[in-house]
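Notes for the structure review
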Amino acid sequence: MIAPKFTRTTDWWEPKITLVVSIGFLAIYLYGNEASYSVIGFLLLLLLSISIGAVYVSLINDFTDLEDDFKAGKKNRLQGFSRVQQLLLIFTSALGVLFFTYLFWPFGIGSRFLLGAMVVYTLYSFPPIRLKKRGLWGVLADAFGAHVFPAMGIFALLSEFLIQSIDWVTLTSIGFWSLLYGVRGILSHQYLDLEYDKSVGVKTFATRFSIDKIRRVEWPLLLLEVTALVGFLIYIELYFLIFLLGIYYLYILFLNWRFGIKHVILLHPIHPNWNILMVTYYQVLLPIGLMGMLGENYSWVYLLIPVFVLIFPNDLLRNLGLIQNLFQPKEIPEA
């Protein structure tokens with residue numbers, strides 16, 4: 001996505017927004033009597049609000065990390081801005097968050113979930129609480145702020161928009177699965193930054209919980225996440241998405257056999273060719289699969305697939321390059 005560097009879109013645009021898109025299409029598939037333009041418009045408005053919230057989160061993370069980044073000689077996207085400019089950017093994005101909170105407030109609890117994500121991230125970043133430095137609390141705060149509250153908020157808001165009620169079993173299932181994926185995501189990030197955090201004395205969960213210990217819980221954590229996902233999909237009877245999950249795991253076995261690409265759970269290896277497990281499923285197969293299912297009933301929805309590819313191209317194009325070269329003796333295309 002083309003955006004100012006201070007927004008840090010590379011950190012959240014495809015990794016986070018694609019999953020939110022999937023949750024939105026899921027709600028429309030389950031509860032939409034018709035996939036009308038007004039419903040898609042409402043979803044786009046929700047995505048805009050999530051994006052502004054993500055910019056706010058990126059800004060306050062960089063703002064509160066300025067001192068530590070300077071000590072470690074690490075690049076910070078706000079370093080080129082004056083203090084007044086930094087505060088103005090944060091204030092402007094916060095106003096955007098408050099505007100959308102006000103706009104969606106009549107739709108009930110969904111708006112509270114989205115606001116909760118911003119509150120959690122504020123507590124995660126700013127002292128004196130600064131949950132980022134408080135071990136497990138920091139892990140949970142990031143998981144709730146990045147995945148749980150946005151996913152539950154989008155689903156609840158669309159449910160209220162479409163049927164004026166909420167299936168709490170479905171909503172809770174989404175929250176639990178999102179929590180597990182979110183925990184795995186922030187742990188992966190923290191262990192990638194482990195040496196940096198140690199060098200500046202940032203006491204994250206990863207600095208307190210050794211790599212040997214986390215390695216023992218990698219597989220149970222992934223198994224629990226996948227089990228929660230499959231159980232949820234069985235509950236809502238979306239067996240085609242389970243089929244796509246099986247196709248995904250066959251695909252990564254082929255990649256390992258053909259190119260030696262390792263798919264890791266959360267710890268990043270020295271091996272140069274690796275991907276995080278489930279990322280391609282969440283960023284490509286799940287949203288496109290849901291759009292395909294919607295397209296069976298409303299053919300115009302198929303037109304959204306090329307739009308999705310244009311907006312979120314990176315992981316899809318990389319995998320298309322791998323598929324093209326799967327049976328040819330060529331190098332792995334760069335992402």
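Presented here is an overview of the structure given in this document. (Residues numbered from 1 in each chain as written. Predicted model: local features only at pLDDT ≥ 70, side-chain atom pairs only at ≥ 80, totals over all residues. Heavy atoms only, no water.)

**A look at the overall build of the protein**
Each helix and strand in the protein was counted, giving 13 helices and two strands. Here the protein has a C-alpha radius of gyration of 20 Å; the compact-globule value for 335 residues is 20 Å, and the two agree. Principal-axis analysis of the C-alpha atoms places the extent of the protein at approximately 55 × 55 × 35 Å. Here the protein holds 335 residues, and the buried ones make up 54% of them. Pairs at least 24 apart in sequence give 71% of the contacts found in the protein among residues at least 6 apart. On the protein, the mean spot of the 24 positive side-chain charges and the mean spot of the 22 negative ones are 9 Å from each other. (Helix = DSSP H or I, 4+ residues; strand = E, 2+ residues; numbered from the N terminus. Rg over C-alpha atoms; globule rule 2.2 N^0.38 Å. Buried < 20%, exposed > 50% of the residue type's maximum accessible area, 1.4 Å probe, protein only. Contact = heavy atoms within 4.5 Å. Lys, Arg positive; Asp, Glu negative; His and termini not counted. Charge placed at Lys NZ, Arg CZ, Asp CG, Glu CD.)

**Considerations on a nonpolar patch on the surface**
A cluster of nonpolar side chains, contributed by Phe240, Phe243, Ile247, Leu250 and Leu253, occupies part of the molecular surface with about 500 Å² of accessible area. You can see Phe243 is positioned in helix α10 (residues 239-259). (Patch = residues over 30% accessible without salt bridge, like charges linked within 9 Å, V, L, I, M, F, W, Y side chains within 5 Å. Areas by Shrake-Rupley, 256 points an atom, 1.4 Å probe, with all protein chains shown as cover. Salt bridge = Lys/Arg side-chain N within 4 Å of Asp/Glu carboxyl O.)

**Overview of the pattern of salt bridges**
Side chains that carry opposite charge are capable of pairing whenever their charged atoms lie near each other. Summed over all chains, the structure comprises nine salt bridges. Arg8 is the partner of Asp62 in a salt bridge, and the nearest nitrogen-oxygen pair spans 3.0 Å. On the criterion of sequence distance, the pair formed by Asp62 in helix α2 (residues 37-72) and Arg8 in the segment before α1 (9-31) is long-range, its members being 54 residues apart. With relative accessibility at 5%, the residue Asp62 sits in the buried group. A residue is classified by how much of its surface remains accessible, and Arg8, at 15% relative accessible area, is buried. Among the salt bridges present, the one from Arg184 reaches Glu225, with a minimum N-O distance of 2.7 Å. Within this pair, whereas Arg184 is found in helix α6 (residues 168-192), its partner Glu225 is found in helix α9 (residues 211-235), the two being separated by 41 residues in sequence.

**Quick look at the nonpolar core**
Phe25, Leu187, Tyr191, Leu241, Met278, Tyr281 and Tyr282 are the most contacted members of the largest nonpolar core, which has 110 residues in total. The dominant element in this core, judged by the number of residues it contributes, is α2, at 15 residues. Apart from residues lying up to four places away in sequence, Met278 is in contact with Arg184, Leu222, Glu225, Val226, Leu229, Leu245, Tyr248 and Tyr249. (Core = buried A, V, L, I, M, F, W, Y, C linked by side-chain atoms within 4.5 Å.)

**Observations regarding helix α5 (residues 136-163)**
Taking 1.5 Å of rise per residue, the 28 residues of α5 would be expected to cover 40 Å, and the 37 Å separating its terminal C-alpha atoms lies within 8% of that figure. The sharpest bend along α5 reaches about 45° and sits at Phe144. Within α5, 21 of the 28 residues are buried, which leaves the element mostly enclosed by the surrounding structure. Two residues or fewer after α5 comes Gln164, characterised by a positive phi angle close to 60°. (Expected span 1.5 Å × (residues − 1). Bend = angle between axes of the 7 residues up to and from the residue.)

**A look at the environment of Leu304**
Relative to the elements of secondary structure, Leu304 occurs in helix α12 (residues 304-311). A sequence separation of 132 residues divides Leu304 from Thr172, and the C-alpha atoms of the two residues are 28 Å apart. Not counting residues within four places of it along the chain, the set of residues in contact with Leu304 comprises Phe25, Ile40 and Met291.

**A few points about the side chain of Asp197**
Within the element layout of this structure, Asp197 appears in helix α7 (residues 194-200). Despite being buried, Asp197 has no salt bridge partner; Lys132 is the closest side chain of opposite charge, sitting 5.5 Å away. Once residues within four sequence positions are removed from consideration, Asp197 is found in contact with Gln190, Val202, Thr204 and Thr207.

**A look at the packing of α6 against helix α11 (residues 279-297)**
Interaxial distance between α6 and α11 falls to 12 Å at its minimum, and their mutual angle equals 130°. Compared by their axis directions, α6 and α11 come out oblique. Taking contact as the criterion, the partners of Trp177, Tyr181 and Arg184 in α6 are, on α11, Val279, Tyr282 and Leu286. Each residue belonging to the contact of α6 with α11 can be placed in one class, and the counts come to five nonpolar, no polar and one charged. (Axes fitted to C-alpha atoms, helices over the stretch in contact; angles between N-to-C directions. Parallel < 35°, antiparallel > 145°, perpendicular 65-115°, else oblique. Nonpolar A, V, L, I, M, F, W, Y, C, P; charged D, E, K, R; others polar.)

**Describing the packing of aromatic side chains**
What the rule picks out here adds up to 23 aromatic pairs. Relative to Phe155, the ring of Tyr31 has its centre 5.8 Å away and its plane inclined at 65°; by these criteria the two rings are edge-to-face. With a gap of 124 residues between them, Tyr31 in helix α1 and Phe155 in helix α5 connect regions that are remote in the sequence. What makes Tyr31 buried here is its relative accessible area of 15%. Phe155 gets classed as buried once you look at its relative accessible area, which sits at 0%. Taking the centre distance of 6.4 Å and the plane angle of 50° together, the rings of Phe63 and Phe126 count as tilted. One end of the pair, Phe63, is in helix α2; the other, Phe126, is in the loop between α4 (109-125) and α5, with 63 residues separating them in the sequence. (Phe/Tyr/Trp six-rings, centres within 6.5 Å; stacked < 30°, edge-to-face > 60°.)

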